[in-house]
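Below, each chain spelled out in residue letters.
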Amino acid sequence: MTPSAAQPLTIAYSPCPNDTFVFDAWAHGRIPDAPALDVTFADIDITNGMAERGESDLLKVSYAVLPWVLDEYALLPCGGALGRGCGPLVLTREPGAAKDLAGKTVAVPSERSTAYLLFRLWAAAEVPGGVGEIRVLPFHEIMPAVRDGLVDAGLVIHEARFTYQNYGLHRLADMGEHWELTTGLPIPLGAIIAKRSLGAERLRELAATVRTSVRMAWDDPEASRPYVLEHAQEMDPRVADQHIGLYVNEFTADLGEDGYAAVRGLLTRAAAEGLVPPLGPDALEFA
């Protein structure tokens, strides 16, 4: 790293196990010559807003927010969350079919999230006449709201894939399954972005540091365990392990051709539906 790298970099990511697993080695100074990090923990809806306001050097954000922030931030080709069989779910109190959601109220964690884009693309294809009211709720309130009848359905992400049965809920549809069946591509969920003003050389160094942190976590998973469980919000350790196994994969180390195709595919389809602004031809290019 350059001498200017001695100044700590600000970074914001979620307390979810995949993020703490990925960044553990870097956050705790175990990567030689890597800059120190000043870490803020925040849910994805908060970090999306931080990105729109340019409030941090690096951020974990939803791919859905990229069209609004790529003038100021560059997408790093690593560190994020893509995968297969890991998409958001639509949950209901009673078993049903997609058509049953017509005109119904659906709780979502954010309207600027990949989950929401996948949901709207699915609903456009599968729900005749479309859904009704969209209600934004904090992630941890969605399953209780569905259980208690405050909303007709809920869009959930992450560890809810493993815990929704505890609320007596039913899986109406898997947004990831629909995406994979219609595109053949992995599901783009969370991205790591860094300020373009850091410069091309620094951005390349930061990407290399992210990759090193990922590989160190894979090489010694137990090293990250205290950090993961400290921030996992009382999550069962077995669920935390499942979470990491699902969301930290080869795309975390490198987006690769399929990863970039998935991101472009999602944002192009969403723009065609009027859900996001269109991307410029070079918007996703890295330094």
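So, here is what we can say about the structure in this document. Nothing here was measured: the structure is a model prediction, and the numbers come from that model. (Residues numbered from 1 in each chain as written. Predicted model: local features only at pLDDT ≥ 70, side-chain atom pairs only at ≥ 80, totals over all residues. Heavy atoms only, no water.)

Before going further, it helps to spend a moment on the overall build of the protein. Broken down by element type, the protein carries 12 helices and 11 strands. If one aligns the C-alpha atoms of the protein with their principal axes, the spans along those axes are about 60 × 45 × 30 Å. Residues counted as buried form 55% of the 287 residues belonging to the protein. For the protein, the share of sequence-separated contacts (at least 6 apart) that also reach a separation of at least 24 residues comes to 80%. Of the accessible surface of the protein, which amounts to about 12,200 Å², a share of 48% is contributed by carbon and sulfur atoms. The average position of the 23 basic charges and that of the 39 acidic charges among the side chains of the protein differ by 3 Å. (Helix = DSSP H or I, 4+ residues; strand = E, 2+ residues; numbered from the N terminus. Buried < 20%, exposed > 50% of the residue type's maximum accessible area, 1.4 Å probe, protein only. Contact = heavy atoms within 4.5 Å. Areas by Shrake-Rupley, 256 points an atom, 1.4 Å probe, with all protein chains shown as cover. Lys, Arg positive; Asp, Glu negative; His and termini not counted. Charge placed at Lys NZ, Arg CZ, Asp CG, Glu CD.)

Attention now goes to the packing of helix H4 (residues 114-126) against helix H7 (residues 175-183). Running from amino to carboxyl end, H4 crosses H7 at an angle of 70 degrees, the nearest separation of the two axes being 9 Å. Put simply, H4 runs roughly perpendicular to H7. Contacts between H4 and H7 involve Leu 118, Phe 119, Leu 121, Trp 122, Ala 125 and Glu 126 from the former and Met 175, His 178 and Trp 179 from the latter. Residue composition of the contact of H4 with H7, grouped by class: 7 nonpolar, 1 polar and 1 charged. (Axes fitted to C-alpha atoms, helices over the stretch in contact; angles between N-to-C directions. Parallel < 35°, antiparallel > 145°, perpendicular 65-115°, else oblique. Nonpolar A, V, L, I, M, F, W, Y, C, P; charged D, E, K, R; others polar.)

Bringing the sheet that holds strand E8 (residues 134-136) into the picture now. Strand pairing within a sheet occurs via backbone hydrogen bonds; the two strands may be parallel or antiparallel. One open sheet accounts for 5 strands, arranged E8-E7-E9-E6-E10; its pairing is mixed. Edge positions in the sheet fall to E8 and strand E10 (170-174), since each of these pairs with one other strand and no more. The mean inter-strand angle of the sheet, taken between neighbouring strand axes irrespective of direction, is 30 degrees. Bridge count between strand E6 (residues 89-92) and E10: 4 bridges; the pairing is antiparallel. Residue Leu 89 lies in a different strand from E10, and its bridge partner there is Asp 174. On top of the sheet, helix H5 (residues 139-147) reaches E6, strand E7 (106-108) and strand E9 (153-156); it is set at about 150 degrees to E9, its chief contact. (Pairing = 2+ DSSP bridges.)

Attention now moves to the nonpolar core. Counting 56 residues, the largest nonpolar core has Tyr 63, Leu 66, Val 90, Leu 101, Phe 119 and Trp 122 as its most contacted members. Of the residues forming this core, the biggest block, 8 residues, is contributed by H4. Filtering out sequence-adjacent residues up to four positions away, Leu 66 remains in contact with Val 61, Leu 75, Ile 193, Val 263, Leu 267 and Leu 284. In terms of nonpolar packing, the next biggest core, distinct from the first, is built from 30 residues, Leu 76, Ile 192, Ala 194 and Val 228 among them. (Core = buried A, V, L, I, M, F, W, Y, C linked by side-chain atoms within 4.5 Å.)

This part takes up the packing of aromatic side chains. Counted by the stated rule, this structure contains 5 aromatic pairs. Geometrically, the ring pair formed by Phe 23 and Trp 26 is tilted, given 6.3 Å between the ring centres and 35 degrees between the ring planes. One end of the pair, Phe 23, and the other, Trp 26, are both in helix H1 (residues 17-27), 3 residues apart, so they sit about a helical turn from each other. An identical accessibility class is assigned to Phe 23 and Trp 26; each is buried. An aromatic cluster of three or more residues is present, and its members are Tyr 13, Phe 23, Trp 26, Phe 41 and Tyr 227. The ring of Trp 68 carries the charged tip of Arg 112 above its face, separated from the ring centre by 3.7 Å. (Phe/Tyr/Trp six-rings, centres within 6.5 Å; stacked < 30°, edge-to-face > 60°. Lys NZ or Arg CZ within 6 Å of the ring centre and 35° of its normal.)

As a further point, take the pattern of salt bridges. Per the counting criterion, the structure on display carries 15 salt bridges. Note that Glu 52 and Arg 112 form a salt bridge whose closest N and O atoms lie 2.3 Å from each other. Residue Glu 52 is located in helix H2 (residues 44-52), and its partner Arg 112 is located in the loop between E7 and H4; the two are separated by 60 residues in the primary sequence. Note on Arg 112: relative accessible area 27%, which makes it partly exposed. With a closest N to O distance of 3.8 Å, Glu 177 and Arg 171 form a salt bridge. Using a relative accessible area of 41% as the deciding quantity, one classes Glu 177 as partly exposed. (Salt bridge = Lys/Arg side-chain N within 4 Å of Asp/Glu carboxyl O.)

Let's shift gears to H2. For H2, every residue scored as buried is listed here: Thr 47, Asn 48, Gly 49, Met 50 and Ala 51. Of the surrounding elements, those touching the buried residues of H2 are strand E1 (9-13), strand E3 (58-62), helix H3 (66-69), strand E4 (73-75) and strand E11 (187-195). Two residues or fewer past H2, Gly 54 is found with a positive phi of approximately 65 degrees.

Glancing now at unusual backbone geometry. Phi angles above zero are rare outside glycine, and Asp 33 is one such case at about 70 degrees. Assignment of secondary structure puts Asp 33 in the loop between H1 and strand E2 (37-41). We classify Asp 33 as exposed; its relative accessible area is 65%.

Further remarks concern the environment of Leu 118. Along the chain, Leu 118 turns up in helix H4. A relative accessible area of 2% places Leu 118 in the buried class. For Leu 118, the contacting residues outside a window of four places in its chain are Pro 88, Met 175, Trp 179, Ile 187 and Leu 266.

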